[in-house]
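# Coordinates in review
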Amino acid sequence: MSFAVIDSHIHLDMYTDSQQIQLLKELQEYQVEALISVSNHLASAERTLELAALDHRIYPAFGYHPEQVLPTDIELDRLFTFMRENLKSMAAVGEVGLPYYLRKEKPEISVEPYMDLLESFIQHAAAFQKPIVMHAIYEDAPFVCGLLEKYSIEKAHFHWFKGDSATIQRIVENGYSISVTPDCLYEKEIHDVVRQVPLTSLMVETDGPWPFSGPFKQSLTHPKMVHASIAKIAELHQATIQSVYQQINQNTKRFYLI
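Notes on the structure follow. A quick note: this is a predicted structure, and the numbers were derived from the prediction, not measured. (Residues numbered from 1 in each chain as written. Predicted model: local features only at pLDDT ≥ 70, side-chain atom pairs only at ≥ 80, totals over all residues. Heavy atoms only, no water.)

### A short note on the nonpolar core
- Core analysis: the largest hydrophobic core is formed by 71 residues, its most contacted members being Phe121, Ile132, Met134, Leu148 and Phe158.
- It is helix 5 (residues 112-128) that contributes the most residues to this core, seven residues altogether.
- Residues contacting leucine 148, with those up to four places away along its chain left out, are Ile122, Ile132, Met134, Ile153, Ala156, Phe158 and Tyr176.
- Ile36, Ala61, Ala92 and Val133 belong to the second largest nonpolar core, which has nine residues in total. (Core = buried A, V, L, I, M, F, W, Y, C linked by side-chain atoms within 4.5 Å. Buried < 20%, exposed > 50% of the residue type's maximum accessible area, 1.4 Å probe, protein only. Helix = DSSP H or I, 4+ residues; strand = E, 2+ residues; numbered from the N terminus. Contact = heavy atoms within 4.5 Å.)

As C-alpha cells, this is what we get:
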C-alpha cells in the first residue's frame, strides 16, 4: 500500500519534452501529488515557469546552481528581475549554494565570489519572504548555516544533504529541512544521515534527471522512486510506513505551502 508523495526537488526542465509529457502523465498513477521544480539559471527558470503554467502540480523555484561558472552581473540582474516579476508564482529561491564538486575538479577556483553570490540570493529570499533551496554539503554546510542565521532565514531546504552530525543537529535546531534521494536505499552514508534527522525534518526528492544505482540502475529517474525512499526511511527509523508517508507529506506541504 502506498500514499501520496511529493518530489521535493527535481530539475523538470532538464528532461526532454517527451520525457516531461510522460512523467507528468504518470504522476496520478503513482500518487505523486506535486513536484518542486528547481532551476539552474535564467533560461532554466523561464522554462520551469512555463511548465508550471501548464500543470498546477508543478511548484517552481528560481535560482542559480552553484556547480557552474559564475553569472555575469548582467545575467544576475536579469535573473533577480525575473524573480521579482514572478514572485507570486515562485514557490522558493533555488537551487543555490556553493560549488563543492566543481572545486574538487578545479581546486584553483576561488570560493569567495560564490559565497558573495549565495549571500545575495539569501538576502533576496529574506526580502521575498520565500523558502530557499540549498546545495550545501560537507564542510560548506556550516558556513551556509551561518549565512542563513545572519539573515534570520526560517525556511531552508538542504537537498541531498551529506555532512557531519554537528551540522545535522544545527540544521534541525534551526528548523530547517533535509531531503534524501533514492540513494538512501544503498548508500550507508545516507543511512546515517536519515537515522540522525527527525522525521519531522525530513523530505524526499529525486534530483531528477540525475541517475541512480542499486535497484534504479539504468532507469530514468522518476518521482515514483520516492515511494521506495519512504519505505527505507521507515525501516531506518523503525516506524510504520503509513506514519512516515503522512509525516513527510505534511512536512513538505507545510514548507512549500502546498
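Let's pick the thread back up.
### Quick notes on the pairing of strand 1 (residues 5-10)
- With six of six residues buried, strand 1 is to be regarded as a mostly interior element.
- Sheet topology places strand 1 next to strand 2 (residues 32-37); four bridges connect them, and they run parallel. Residue pairing across strands places valine 5 opposite valine 32, the latter belonging to strand 2.
- In the classification by handedness, the crossover that spans strand 1, the intervening helix 1 (residues 17-26) and the parallel strand 2 is right-handed. (Pairing = 2+ DSSP bridges. Right-handed = clockwise from strand over helix to strand, strands pointing away.)

### Observations concerning the pairing of strand 4 (residues 92-97)
- Within strand 4, six of the six residues are buried, leaving the element largely enclosed by the surrounding structure.
- As paired elements, strand 3 (residues 58-62) and strand 4 share two bridges and run parallel to each other. The partner of phenylalanine 62 across the bridge, within strand 4, is valine 93.
- Bridge analysis of strand 4 against strand 5 (residues 132-135) gives three bridges, and the strand direction is parallel. Note on strand 5: the bridge partner recorded for glycine 97 is histidine 135.

### A word on the pattern of salt bridges
- Inspection of the entire model under this criterion finds ten salt bridges.
- The salt bridge partner of glutamate 33 is lysine 253, with a shortest N-O separation of 2.7 Å. With glutamate 33 in strand 2 and lysine 253 in helix 10 (residues 241-256), the pair connects residues that are 220 residues apart, well separated along the chain.
- Here aspartate 192 ties to lysine 188 by a salt bridge, and the two come within 3.2 Å at their closest N and O atoms. You can see aspartate 192 and its partner lysine 188 sitting in helix 8 (residues 188-196), four residues apart, about one turn around the helix.
- On the basis of relative accessibility, which here comes to 57%, the residue lysine 188 falls in the exposed class.
- Overlapping salt bridges bring together Asp17, Arg47 and Glu50 as one network. (Salt bridge = Lys/Arg side-chain N within 4 Å of Asp/Glu carboxyl O.)

### Considerations on the environment of proline 198
- Within the fold, proline 198 resides in the loop between helix 8 and strand 8 (202-204).
- Ignoring sequence-local partners within four residues, the contact set of proline 198 consists of Val172 and His237.

### Looking at the packing of aromatic side chains
- Taken as a whole and assessed by the stated rule, the structure comprises ten aromatic pairs.
- Seen in terms of ring centroids, tyrosine 100 and tyrosine 138 are 5.2 Å apart; in terms of plane orientation they differ by 45°. Their pairing is tilted. Pair noted here: tyrosine 100 is in helix 4 (residues 100-105) and tyrosine 138 is in the loop between strand 5 and helix 6 (140-150), with a separation of 38 residues, a long-range link.
- Ring pairs connect the aromatic residues Tyr100, Tyr101 and Tyr138, which therefore count as one cluster. (Phe/Tyr/Trp six-rings, centres within 6.5 Å; stacked < 30°, edge-to-face > 60°.)

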